[in-house]
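# Reading the structure
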Amino acid sequence: MSGLVLGIALRFGCYKYLTMPPKRNLGSFLGMIMTIWRTAVFYALIAFACSAAHAANLYEVVVPVQNQDKTSLQKAAKLGLERVLIRASGEQNVADNYTISQTLKRAEQYVSQYAYGDDFDLPTVKLSFSRDQVLNLLRKASLPVWSDERPGLVLWLVVDTPEGKQFVDQESFPELTKALGYEASRRGLSLVFPLYDLRDSTAMSIENVWNLDTFPAQQASQRYDSQSVLMGRLSPLSGGVWVSEWAYIQEGEVTRLDARDSDFRFLRPAINRVADTMAASYAIAPQIAGQDRGTGTIMHIAGLKGFADYADAIRYLESASGIAHANVLWMSGSDVLVNLVLRGTPEKVQGHFRLGRRMIPSPETANTFFPPEHLAVDWFYRWNGAPSS
């Protein structure tokens, strides 16, 4: 931990304090060191929190505007709502849907808040949309719904520069990482940049990344608590053209692709492939009209420590995109049986639980819990309580 904290202290500008001449007042110097230590620990926690399975706010966008009149706001709302719908559904071509295309004509009605600003001296407007309205619109249009809880995407990238091959981080390649952030935000992905500290350099070499060696990448990414990993080897050519090769790993499955384009447009095919693959695994497809799911899925939840836990657990289930209703059938002490009416497949709902880590599989409970005779339990889980981190 000390090496990580020192590295983060250096990264955040604390080096000048660690190298300053000794002071006569030893107490002040030690106090300053403790302040630096606490600050570094704080930033270390931030760095590790980047792996949390939550996308940034999917329902806020910043778009350019010509001025602050009504027509400009309407155009911005249309563009903003389309971007939000792409993020929330995982579908790139949402505007091709008839219901969506008609709604985009009056997109300003879906704006809950807006504020004008600027980005690099260009006028912009920040738009916020109602999550409930967006999700209801997607269901009305029979489009998938992709939950806010998504795996962080760990990036291992190397650029071939005139000085040699280098890891891509936010300090050495600010424009490239900003472009990556924009493309990821466009599809609702959360990026996790490795710390490139001693632990990372021991587990993952530049040559490993350049050769797109997926096994060490999976091993090195475990510390960031994500099973979604993107590796890339990037080569800038003359005239602003980039050539790239990629390997995307999701839960052990590897997809490879290459892209060539000018400026940073070469990033888009890789990010699109990642988002499309994730959405195929986690987005909940609309239920076919008249489809019969029987009496539902009966779920046992253990570990509830009181009414607050009970209320939080039911609220969590009701808010999951793959669950239409969570109806309590029976409760006793710390145990509850719930009948789930699913919108999506059981596998996708369970995948949602794995990402959120608030419901933990507890198959061993099947040997110690005896439900009422008339109920057959399908799933056994334990309430974890704390939000994912």
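Predicted model, so just to flag it, every value in this text is computed and none were measured. (Residues numbered from 1 in each chain as written. Predicted model: local features only at pLDDT ≥ 70, side-chain atom pairs only at ≥ 80, totals over all residues. Heavy atoms only, no water.)

## Here's the deal with the overall build of the chain
A tally of regular secondary structure across the chain gives 13 helices and 14 strands. Each of the 389 residues in the chain was classed as buried or not, and the buried ones make up 46%. At a minimum sequence separation of 6, the contacts of the chain that also span at least 24 residues come to 65%. Of the roughly 20,100 Å² of accessible surface on the chain, a fraction of 53% belongs to carbon and sulfur atoms. (Helix = DSSP H or I, 4+ residues; strand = E, 2+ residues; numbered from the N terminus. Buried < 20%, exposed > 50% of the residue type's maximum accessible area, 1.4 Å probe, protein only. Contact = heavy atoms within 4.5 Å. Areas by Shrake-Rupley, 256 points an atom, 1.4 Å probe, with all protein chains shown as cover.)

## Here we look at the packing of aromatic side chains
Aromatic rings in a pair are described by how distant their centres are and how their planes are angled relative to each other. A complete count under the given rule lists 13 aromatic pairs for this structure. In textbook terms, an aromatic cluster arises when at least three aromatic residues are bridged by ring pairs, as seen for Tyr 316, Phe 353, Trp 379, Tyr 381 and Trp 383. In this structure, Arg 150 packs its charged tip against the face of Trp 146, placed 3.7 Å from the ring centre. Lys 165 extends its terminal NZ or CZ atom over the ring of Trp 210, reaching a point 5.1 Å from the ring centre. (Phe/Tyr/Trp six-rings, centres within 6.5 Å; stacked < 30°, edge-to-face > 60°. Lys NZ or Arg CZ within 6 Å of the ring centre and 35° of its normal.)

## Considerations on the nonpolar core
In terms of nonpolar packing, the biggest core is built from 32 residues, with Leu 153, Leu 155, Leu 176, Leu 189, Leu 230, Trp 246 and Met 278 touching the most fellow members. Contributions of two or more residues to this core are made by strand S4 (153–161), helix H7 (174–187), strand S7 (228–236), strand S8 (241–250), strand S9 (253–262) and helix H11 (267–282). Ranked by residues supplied to this core, first place goes to H11 with 8 residues. Filtering out sequence-adjacent residues up to four positions away, Leu 230 remains in contact with Leu 153, Val 154, Leu 155, Trp 156, Leu 157, Trp 246, Ala 247, Tyr 248, Ile 271 and Val 274. Tyr 59, Val 84, Ala 88 and Leu 135 belong to the second largest nonpolar core, which has 29 residues in total. (Core = buried A, V, L, I, M, F, W, Y, C linked by side-chain atoms within 4.5 Å.)

## Observations regarding the pattern of salt bridges
Applying the stated criterion across every chain yields a total of 12 salt bridges. Salt-bridge contacts for Arg 265 lead to Asp 261; the nearest nitrogen and oxygen are separated by 3.7 Å. Taken together, the shared-partner salt bridges connect Glu 183, Arg 186 and Arg 268 into one network. (Salt bridge = Lys/Arg side-chain N within 4 Å of Asp/Glu carboxyl O.)

## Comments concerning helix H10 (residues 214–221)
Owing to its 3.6 residues per turn, the α-helix brings residues three or four apart onto one side. Every buried residue of H10 is accounted for by Thr 214, Pro 216, Ala 217, Ala 220 and Ser 221. One side of H10 holds all its buried residues, which, seen down the axis, span an arc of 160 degrees. Here the buried face of H10 lies against S4, helix H8 (198–203), helix H9 (206–210), S7, S8 and S9. (Arc of directions from axis to C-beta.)

## A word on helix H6 (residues 131–140)
What H6 keeps buried is the set Val 134, Leu 135, Leu 137 and Leu 138. Take H6 and look down its axis: the buried residues cluster within an arc of 155 degrees, on one side only. When the buried face of H6 is taken as reference, the exposed residues oriented beyond 90 degrees from it are Asp 132 and Lys 140. Where H6 is buried, its residues contact helix H4 (70–89), helix H5 (98–104) and strand S3 (122–129). Trailing H6 by a residue or two, Ser 142 shows a phi angle of about 60 degrees, which is positive.

## Focus on the sheet that holds strand S14 (residues 379–383)
Spatially, the 5 strands line up as an open sheet ordered S11-S12-S10-S14-S13, and their pairing is mixed. A strand with exactly one partner marks an edge of an open sheet, and here the two such strands are strand S11 (323–332) and strand S13 (359–361). For this sheet, the mean inter-axis angle between neighbouring strands, taken without regard to orientation, is 35 degrees. Looking at chain direction, S13 and S14 are connected through 3 bridges and run antiparallel. Across the sheet, residue Pro 361 finds its bridge partner in S14, namely Tyr 381. Sitting on the sheet, helix H12 (residues 307–319) is in contact with strand S10 (297–302), S11, strand S12 (335–342), S13 and S14, with an inclination near 155 degrees to S11. (Pairing = 2+ DSSP bridges. Axes fitted to C-alpha atoms, helices over the stretch in contact; angles between N-to-C directions.)

## As for the layout of surface pockets
Counted as a void, the largest pocket has a volume near 900 Å³. Forming the boundary of the largest pocket are 27 residues, of which Asp 119, Lys 178, Gly 181, Tyr 182 and Ser 185 lie nearest the centre. Listing elements by their share of the lining of the largest pocket, those giving two or more residues are strand S1 (60–64), H4, S3 and H7. Ranked by residues supplied to the lining of the largest pocket, first place goes to H7 with 8 residues. Its residues assigned to classes, the lining of the largest pocket shows 11 nonpolar, 6 polar and 10 charged. (1 Å grid on protein atoms, 1.4 Å probe; cavity = no way out; pocket = protein on both sides within 12 Å on 5 of 7 lines; lining within 4 Å. Points joined across faces, edges and corners; volume = space filled by probe spheres on them. Nonpolar A, V, L, I, M, F, W, Y, C, P; charged D, E, K, R; others polar.)

## Examining the sheet that holds S3
Ordered in space as S1-S3-S2, the 3 strands form an open sheet in which the pairing is antiparallel. The open sheet has two free edges, formed respectively by S1 and strand S2 (111–119), since each of these has just one partner strand. Neighbour-to-neighbour, the strand axes of this sheet turn through a mean angle of 25 degrees, independent of strand direction.

## Description of unusual backbone geometry
Residues other than glycine seldom take positive phi values, yet Leu 212 does so here, at roughly 55 degrees. Residue position: Leu 212 is located in the loop between H9 and H10. Not every positive phi belongs to a glycine, and Asp 263 is a case in point at roughly 55 degrees. Structurally, the position occupied by Asp 263 is in the loop between S9 and H11. For Asp 263, a relative accessible area of 47% gives the class partly exposed.

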